[in-house]
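This is what each chain is made of:
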Amino acid sequence: RGYEVTGLLATGGFEEEEVLLDLAAAQALLGRPGQISRALVSAVTVPLDGFGRRDPGGMTKVEFEKWFCTPYVTSVARQVEEAMPGSRARPVWSLAEAEARVLSRLGILMAILAGLSLAAAALAVASTFAARVMGRRTEIALMRASGASAGQVVLLLGTEVLALGLVGGLLGGGLAAILVRALGAAVFGAPLEPGAALVPLSVAGALLVAAAGAVWPLRRALAL
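The rules behind these values
Residues numbered from 1 in each chain as written. Predicted model: local features only at pLDDT ≥ 70, side-chain atom pairs only at ≥ 80, totals over all residues. Heavy atoms only, no water. Helix = DSSP H or I, 4+ residues; strand = E, 2+ residues; numbered from the N terminus. Contact = heavy atoms within 4.5 Å. Areas by Shrake-Rupley, 256 points an atom, 1.4 Å probe, with all protein chains shown as cover. Lys, Arg positive; Asp, Glu negative; His and termini not counted. Charge placed at Lys NZ, Arg CZ, Asp CG, Glu CD. Axes fitted to C-alpha atoms, helices over the stretch in contact; angles between N-to-C directions. Left-handed = near helix turned anticlockwise from the far one by under 90°. Nonpolar A, V, L, I, M, F, W, Y, C, P; charged D, E, K, R; others polar. 1 Å grid on protein atoms, 1.4 Å probe; cavity = no way out; pocket = protein on both sides within 12 Å on 5 of 7 lines; lining within 4 Å. Points joined across faces, edges and corners; volume = space filled by probe spheres on them. Buried < 20%, exposed > 50% of the residue type's maximum accessible area, 1.4 Å probe, protein only. Polar contact = N/O pair within 3.5 Å; in protein donor to acceptor, adjacent residues only side chain to side chain. Phe/Tyr/Trp six-rings, centres within 6.5 Å; stacked < 30°, edge-to-face > 60°. Lys NZ or Arg CZ within 6 Å of the ring centre and 35° of its normal.

(A) Spatial organisation of the overall build of the protein. Of the regular secondary structure elements, the protein holds seven helices and zero strands. Starting at the N terminus and walking to the C terminus, you meet the elements of the protein as α-α-α-α-α-α-α. Dimensions of the protein, computed from the C-alpha atoms along their principal axes, are close to 100 × 50 × 25 Å. Considering only contacts in the protein between residues 6 or more positions apart, those separated by 24 or more positions represent 53%. A total accessible area of about 16100 Å² is found for the protein, and carbon and sulfur atoms account for 65% of it. The positive charge centre, built from 19 side chains, and the negative charge centre, built from 17, are 13 Å apart in the protein.

Here it is, written out as structure tokens:
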């Protein structure tokens, strides 16, 4: 039986030195129907850390359960072997390490972007709050002239900006929960469930940004 060459692969990998044809045709050609010698499995994994590099044979039951349920490349290989009895799964370490480096750099990039976003938000709060303070300078001056202490002025204005930060944090957490599900469905084909710490972290971040942005306007208010 003859086979027609339909094209040449240019992948830059080992596929360029191989002949590719339909699996059933290859099995029939070799006289081994229903058999395979190797299967390449692609899986989304997390970078290996110290815990992921440990030998599962020396782990406790709780540690092994944590290792087994974490998508390390080693634990995924173990699950492949259990799903296909008699097989031997070998991670392609060059690809796994390359993916780990990319994920690590993406994490650093996202942290930098998050820091810049928080700094920009703090500057926006500072400029907006400074304008509000200048608009109320007569009121603040009358309070100071009537005997109001610096702490009372800070409490009055600080409570206002923190209340706005709390509302903004709650709204931001709700919006983030919606976007997580929408982006998960768009990118991964399945909606992602937001973590339980999403709203508390959103509120804490909003309060921190509000407090940082209010420092300079409050100093201006105390100088009136």
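Additional details are given in the paragraphs that follow.
(B) Focus on the packing of helix α4 (residues 93-135) against helix α7 (residues 198-222). Relative orientation of the contacting elements α4 and α7 amounts to 35°, with a least axis distance of 7 Å. α4 and α7 meet at a crossing whose hand is right-handed. Here α4 contributes L118, A121, A122, V125, A126, F129, A130, V133 and M134 to the contact with α7, which in turn contributes V209, A210, G213, A214, W216, P217, L218, R220 and A221. Its residues assigned to classes, the contact of α4 with α7 shows 16 nonpolar, one polar and one charged.

(C) How the structure looks around the layout of surface pockets. Estimated volume of the largest pocket: approximately 870 Å³. A39, L40, V41, R90 and V92 are the residues nearest the centre of the largest pocket, which is lined by 24 residues in total. Sorting the residues of the lining of the largest pocket by element identifies α3 (73-83) and α4 as the ones contributing at least two each. Of the pockets and cavities examined, the second largest pocket occupies roughly 590 Å³. Every residue lining the second largest pocket is counted, 18 residues in all, and those nearest its centre are L23, A26, L30, S37 and R38. Residue composition of the lining of the second largest pocket, by class: eleven nonpolar, three polar and four charged.

(D) Quick peek at the side chain of Q27. By the secondary structure assignment, Q27 is in helix α1 (residues 23-30). Filtering out sequence-adjacent residues up to four positions away, Q27 remains in contact with R32, P33, G34, Q35 and I36.

(E) Fine view of the side chain of S75. Tracing the backbone shows S75 in helix α3. Judged by relative accessible area, which is 0%, S75 ranks as buried. Here the side chain of S75 touches T70 through a polar contact of 2.5 Å, landing on its backbone oxygen.

(F) Broad picture of the packing of aromatic side chains. Following the criterion strictly, the structure yields two aromatic pairs and no others. Each ring, one from F64 and one from W67, has its centre 5.7 Å from the other, and the planes form 35°; the classification is tilted. Placement of both F64 and W67 in helix α2 (residues 61-69) is noted, with a separation of three residues, approximately one turn of the helix. Residue classification places W67 among the buried positions, given a relative accessible area of 2%. Through successive ring pairs, a cluster of aromatic residues spans F64, W67 and F68. The ring of F51 has K66 lying over it, and the distance from NZ or CZ to the ring centre is 5.0 Å.

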